[in-house]
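# Residue-level structural notes
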Protein chains: 2
Amino acid sequence: MPDSHRVVVVGGGFGGLACARVLDGSDASVLLLDRHNYHLFTPLLYQVATALLDPSDIAYPLRRAFRTSRNVRFRQALVTDVDFERHVVRTHVGDEIPYDSLVIATGGVNNYFGNAPLAEHSIGLKTLPEALRLRNHVLSCLERAAQTIDPSERKAWLTFVVVGGGPTGVEYAGALSELLDIVLGNDYPELNRADATITIIEGLDRLLGAFHPRLGKYAEQTLRGFHIDVRLRTLVEKADDDSVTLSSGERIDAKTVVWSAGVRPWDPLPEDAPRKHSKRLEADERLRLKGHEDVFVIGDVAAVQTPRGELPMLSPPAMQEGRYVAHTIREQRAGRDVRKPFRYLDKGTMATIGRHAAVADVRGLKLKGFLGWLTWLLVHIYYLIGFRNRIAVLASWAWNYLVRDRPIRLIVRGNTDPVAEQTDPG
Amino acid sequence: MPDSHRVVVVGGGFGGLACARVLDGSDASVLLLDRHNYHLFTPLLYQVATALLDPSDIAYPLRRAFRTSRNVRFRQALVTDVDFERHVVRTHVGDEIPYDSLVIATGGVNNYFGNAPLAEHSIGLKTLPEALRLRNHVLSCLERAAQTIDPSERKAWLTFVVVGGGPTGVEYAGALSELLDIVLGNDYPELNRADATITIIEGLDRLLGAFHPRLGKYAEQTLRGFHIDVRLRTLVEKADDDSVTLSSGERIDAKTVVWSAGVRPWDPLPEDAPRKHSKRLEADERLRLKGHEDVFVIGDVAAVQTPRGELPMLSPPAMQEGRYVAHTIREQRAGRDVRKPFRYLDKGTMATIGRHAAVADVRGLKLKGFLGWLTWLLVHIYYLIGFRNRIAVLASWAWNYLVRDRPIRLIVRGNTDPVAEQTDPG
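Predicted model, so just to flag it, every value in this text is computed and none were measured.

Reading guide: rules and limits
- Residues numbered from 1 in each chain as written.
- Chains lettered and ligands numbered in written order.
- Predicted model: local features only at pLDDT ≥ 70, side-chain atom pairs only at ≥ 80, totals over all residues.
- Helix = DSSP H or I, 4+ residues; strand = E, 2+ residues; numbered from the N terminus.
- Buried ≥ 20, exposed ≤ 12 C-beta atoms within 10 Å, placed from the backbone.
- Pairing = 2+ DSSP bridges.
- Contact = placed C-beta atoms within 7 Å.
- Axes fitted to C-alpha atoms, helices over the stretch in contact; angles between N-to-C directions.
- Domains from an automatic or database assignment.
- Expected span 1.5 Å × (residues − 1).
- Nonpolar A, V, L, I, M, F, W, Y, C, P; charged D, E, K, R; others polar.
- Core = buried A, V, L, I, M, F, W, Y, C linked by C-beta atoms within 7 Å.
- Parallel < 35°, antiparallel > 145°, perpendicular 65-115°, else oblique.
- Left-handed = near helix turned anticlockwise from the far one by under 90°.
- Least-squares fit on C-alpha atoms with pLDDT ≥ 70 in both.
- pLDDT = per-residue confidence, 0-100.

A few words on the overall build of chain A. Looking only at helices and strands, one finds 13 helices and 27 strands in chain A. The 426 residues of chain A split such that 52% are buried.

Next comes the structure, spelled out in C-alpha cells:
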C-alpha cells in the first residue's frame, strides 16, 4: 500500500496495542514500534516477580498479534527522536521512518525523584527484566540467609522493604508474603518463617490512595493480618546495599528494596515540547499533541485533562484513548466529521491483596474480600491477550490455589548477548 | 543428626540427584550442593532454546525435591576445593563443609579444545542461561534481518551454523528449522523462509556417531529433507562476530554459531588428581576415586572403564552410578558386605529430529520415524521430574503439535543483580 495513509504507533503497551487493533483492517498502512518484541500484561507482573507465573504467561509477541493483518506491521525498535517538520521518527539504529499520522504511546518508567542512590539500590517493577531480577534476587536472599551464621546478617537478608502503597506495592507485598509462607516455610528447615519481615512504606496517610478510603483501610488490615509492617506518612530518604533510611530517621537493615512509589512519563520528544507540570505531553480534547494536527498522544505519556484532574497512569484510560485515536484516524480517512471530544468512561479500579482478598472500586460499587477477589480474577483473565496465555495463567492459579506451591522458583538469568543488547535497548 | 554419617554430594545433575534420592530415608545425614538452585532436565534444553518450552518446565527446584526428607538437605553453593586430609569441601564463599563420604558429581562444561575465539563467538547449549541466551539471540537475529536493507547483511543474520552432529546438535538443528518455519514463515512478511540457512557441521563421516550407522543416515536424510545443509568430515577452524571458517578453508558469513561439539569434565580437584587421558577422574570398579576409600566419582566427571571403553557422558550412566554409590553407602552403614562391582545396563540412546521423526537405539532394537518419535516422547515425559513439569511439557507439546505455534518467543533477559551473581557463580 505505497500510497496509503501511513500511521506510526510508538509503543506496544495497552494504548498502542488498542490503537493498532482498531486500525487493523482499515485502509491505513500502520507500523507499530516497541523496544521489546512483546506486549506486557503489566497488571500481573508482580506474579512473575513472586515466582507464580512464567514470563511467557503475561507477555504476548507483538508480531504474533498482527500475523494475519493486511495492514499492520510490527518492528522492534526504540524511537529516539521525532522530526515534526520532516514527518519522520528516528530509531536507535538511525533509521528514519516517515509518517502521516503519529501516535505516541511510550508509557512510563520508574520515577526516583532524582534520588540516584535509591535508583541504584532498589529494584523496580515496571518491566519483565525487572520482575525477573526481583525474583532472582529474593530467592537468592533466602539462600544467603540459610548460609550465614551471623544472626544480624541473616535478618538483613530476610528483610524486604516495599516502597509505595499503591496497587503495585500492595499486590507485591501480599504475594511476597505468600511466597515466603510457601517457600521459606516449607523448603528452608534452617530458617523460621517468622524471621522474615516485609515492610511497606507509603507517604500518604493510607494505602491505595486512588481507591475509596474504606478499601484502603481493608487493604491495610489484610496486610497487617499477614504480619506485614505497614508504615504510613513515611518516606524513604536514602538506601545503600545493606539498609534504607526513612524520613523518621529510622534505619532498616535490609538487602532488598522494591520501588513502586512513582512512575514518570517517558517520550522521545525534546524537553520543550508542550508539557504539563506532570511532564506528560499536553493533549487537546481530541488527544492531539497541542499544536500538532497529525500527532496524537495517549496513555501514561499523555496529560488528558478532566474536571477531576489528569487521567491516572492506568491501563483503562490508555486503552480507551488508543481506540478513540484509531477511530478518529479512520473517520478522517473516510472524510467524515471529526468525532466528538474524548470522554473517559471510568469502569473502576481493583487490586488483589492475597488469597480470597481483593478490593474493587467498580462504578460506585465497592467490593472486597472473596467477592472482590473473584471479580479481580475474572477481569484479569478476560483482559489477558491470547487464548494460550489465559489457559496458562488459569492453570498456574489453580495449581497455586490447590497445591500451594511455587514451581517457578528458579534463580536463572539469560547470559548477556551483545546482539540481543543492540536490538533491545531497554 | 549430629552423630550420623555425613555424606556430601557435589552436583545436583542426574547423577547427584539419583544418589541423594536413594540416600533419602537412610540414617546418613546428606547435604546436596549445586551452583544452581534447580535440577535441569538437559535432554529438553534445546526446546527452551527454540522457544517451545519455558525454563520452569525443565528445571526443578532442588530444595523442593527434598522438602519432605528427614535427612537430605540442599544448599546452593559452588565447591571450589576439596581437602582430602581434613575431610572438608570448601565453597565459593569460603565455608568449609566436613564429610565422611564424598560424592563428586560435578558434570561437564563446553569444550572448545582451547580455541578461545570460538568460545567467545559461539553459544553453548549446556546450561539454562545459555539456552535463554541462544533463544534471545536467534529471535533478535530475525528482527535484525527484517530491519536491514543490505542483502548480504540480511543473509548473515539468517545463517545459523550448528557445530557438532551428536544428539544435541541434531535435535537443536531440527527444532530450529521448525522454529524458523513457524515464526519466520508466519510473522515476518518482510522476509522469506527460504532466505534462512541452517548448516550442521560434524567432524566424523556421519551424524549421531554413538548410534547405529543406519540411524545416523536416517537423521542425515531427515535433516536434509528440512533443507538443512549437512557437512560431514568438516571441522570449524575459527569464528568471529560475522563468520566461521571451516577446515576446508570455506568461510560462512553467519551471526550465529551454536557449539555442541564437545563437553569436558569439570571438577574441583587439583590437576594432579588421578585422571584418565579424557581428564575424567579415575574410578575404580566400585566407583571410588582411585586411592580414596571415602570419595566416589559419578557421571560425566568419572572415567568408568568398561570393555568397550569409558562410559559415555550421558544421563543413564550417571543415574545408575549415583544409585549404585548410594546403595554402597547404605550397605556399608548397615555393616553388610560391599556390593558387587558396578555394572552398567545399557538401555539405549535416542534423539528426536523433528515432527514424527526420531531415532532410538534401544537394546538392539532400532526405531526411527513415527514409532521412534512416540518412544522418545514417552521416555522423556517419564524421566521428567515433578508432576507439574510433566503436565506443562505435555501441554506445550500438544499446543505446538496442534497449533504449530511458538508462544514463548520473547526476547527477555533478567537484569543483572549483584546479589544473585554472588550466590550463583555460573
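A few words on the sheet that holds strand β12 (residues 159-163) of chain B. Residues and elements named next belong to chain B. With parallel pairing, the five strands of this open sheet are ordered in space as β11-β18-β12-β13-β14. Pairing within the sheet leaves two strands with one partner each, and these edge strands are β11 (123-124) and β14 (229-231). Each of β12, β13 (197-201) and β18 (256-259) is contacted by helix α8 (residues 167-187), which is oriented at about 175 degrees to β13, the strand it contacts most.

Right, let's get into the environment of D181(B). Tracing the backbone shows D181(B) in helix α8. A sequence separation of 45 residues divides D181(B) from F226(B), and the C-alpha atoms of the two residues are 9.8 Å apart.

Here we take up the domain arrangement of chain A. How big an interface is tends to be expressed through the accessible area that disappears when the partners come together. The domains assigned to chain A are domain 1 (6-35 + 77-110 + 264-333) and domain 2 (116-261). Centre-to-centre separation of domain 1 of chain A and domain 2 of chain A, based on C-alpha positions: 35 Å.

Residues and elements named next belong to chain A. If you check helix α9 (residues 213-225), its first and last C-alpha atoms are 18 Å apart, about what 13 residues at 1.5 Å a residue would give, namely 18 Å. In this structure, the buried residues of α9 make contact with α8 (167-187), β13 (197-201), β14 (229-231), β25 (349-354), β26 (357-362) and β27 (365-368). H227, located one to two residues past α9, shows a positive phi value of around 65 degrees.

So, about the environment of I200(B). Here I200(B) shows up in strand β13. Each C-alpha atom of the pair I200(B) and F160(B) lies 8.6 Å from the other, and the pair is 40 residues apart in sequence.

Residue and element names in this part refer to chain B. Read from one edge to the other, the open sheet built from three strands follows the order β15-β16-β17, with strand pairing classed as antiparallel. The two strands at the open ends of the sheet, each matched to only one other strand, are β15 (236-239) and β17 (251-253). Mean inter-strand twist for the sheet, computed between neighbouring axes without regard to direction, equals 20 degrees. Of the pairings in the sheet, the one linking strand β16 (residues 243-246) to β17 comprises three bridges and is antiparallel in character. Opposite T245, over in β17, you have R251 as the bridge partner.

Our next topic: the interface of chain A and chain B. Taken residue by residue, the interface counts 49 residues in chain A and 49 residues in chain B. Listing elements by their share of the side of chain A that touches chain B, those giving two or more residues are α3 (55-58), β4 (59-61), α4 (62-65), β5 (72-76), α6 (128-147), α8, α12 (387-403) and α13 (418-423) of chain A. Considering each element in turn, the side of chain A that touches chain B owes the most residues, 14 residues, to α6(A). When the residues that make up the side of chain A that touches chain B are grouped by side-chain class, the tally is 19 nonpolar, 13 polar and 17 charged.

Residues V9(A), V103(A), V9(B) and V103(B) are the most contacted members of the largest nonpolar core, which totals 266 residues. For V103(A), the contacting residues outside a window of four places in its chain are V7(A), V9(A), V10(A), G16(A), C19(A), F296(A), I298(A) and V325(A).

This brings us to the packing of helix α1 (residues 14-23) of chain B against helix α10 (residues 315-333) of chain B. Residue and element names in this part refer to chain B. Their axes nearest at 7 Å, the elements α1 and α10 cross at an angle of 30 degrees. Overall, the two elements α1 and α10 adopt an arrangement that is roughly parallel. The interaxial crossing formed by α1 with α10 has right-handed handedness. Between α1, through F14, G15, G16, A18, C19, V22 and L23, and α10, the contact on the second element is made entirely by S315, A318, M319, E321, G322, R323, V325, A326, H327 and I329. Along the lines of polarity and charge, the residues of the contact of α1 with α10 split into 10 nonpolar, five polar and two charged.

As a further point, take the pairing of strand β5 (residues 72-76) of chain B. Residue and element names in this part refer to chain B. Burial along β5 is one-sided: the residues V72, F74 and Q76 are buried and none of R73 and R75 is. Where strand β2 (residues 29-34) lies against β5, five bridges are found, and the strand directions are parallel. Within β5, the position partnered with L32 by the bridge is F74.

Turning one copy of the chain about an axis and sliding it along that axis gives the other copy, so a rotation and a shift relate them. Of the transformation placing chain A onto chain B, the axial shift is 0.0 Å and the rotation is 180 degrees, giving an RMSD of 0.0 Å. Each copy turns onto its partner about a two-fold axis. The fraction of interface residues of chain A whose copies in chain B are also interface residues reaches 100%, indicating that both copies meet through the same surface.

Turning next to unusual backbone geometry. Phi angles above zero are rare outside glycine, and L208(A) is one such case at about 50 degrees. Its location among the elements puts L208(A) in the loop between β13 and α9. A tally of 25 C-beta atoms within 10 Å means that L208(A) is categorised as buried. With a phi close to 65 degrees, H356(B) is a non-glycine residue in the positive phi region.

All names here are of chain B. Turning to its location among the elements, V393 is positioned in helix α12 (residues 387-403). Linking V393 and T352, residues 41 residues apart in sequence, is a C-alpha distance of 15 Å. Setting aside residues no more than four positions away along its own chain, V393 makes contact with L53, D57, I381 and L384.

Turning our eyes to something else, we now look at the pairing of β26(A). Residues and elements named next belong to chain A. Counting buried residues in β26 gives five out of six residues, a clear majority hidden from the surface. Bridge analysis of β25 against β26 gives five bridges, and the strand direction is antiparallel. By the bridge assignment for β26, A351 is matched with V359. With antiparallel pairing between neighbouring strands as the criterion, β25 and β26 make up a hairpin whose turn holds two residues, including H356 at a positive phi of roughly 65 degrees. Strand direction decides the pairing type here: β26 and β27, joined by four bridges, are antiparallel. Within β27, the residue paired with D361 across the bridge is K366. Remark: two residues form the turn of the hairpin made by β26 and β27, two consecutive strands paired antiparallel; R363 in that turn has positive phi of roughly 50 degrees.

We now examine the confidence of the model for chain A. Detailed reading of the predicted coordinates is not advisable wherever pLDDT is low. Residues and elements named next belong to chain A. Confidence in the prediction for chain A averages 92 pLDDT; 96% of positions are at 70 or higher. Note on residues 422-426: pLDDT is under 50 here. Beyond four places in sequence and across chains, it has 13 contacts. Scored as a whole, the predicted complex attains pTM 0.92, and scored at its interfaces, ipTM 0.90.

We now examine α10(B). Residues and elements named next belong to chain B. With 19 residues, α10 extends 27 Å from end C-alpha to end C-alpha; this agrees with the ideal 27 Å at 1.5 Å per step. Where α10 is concerned, the buried positions are P317, A318, M319, Q320, E321, G322, Y324, V325, A326, T328 and I329. Of the surrounding secondary structure, the elements contacted by the buried residues of α10 are β1 (6-10), α1, β9 (101-104), β21 (295-297) and β22 (302-303). After α10 finishes, the residue G335 shows a positive phi value of roughly 75 degrees.

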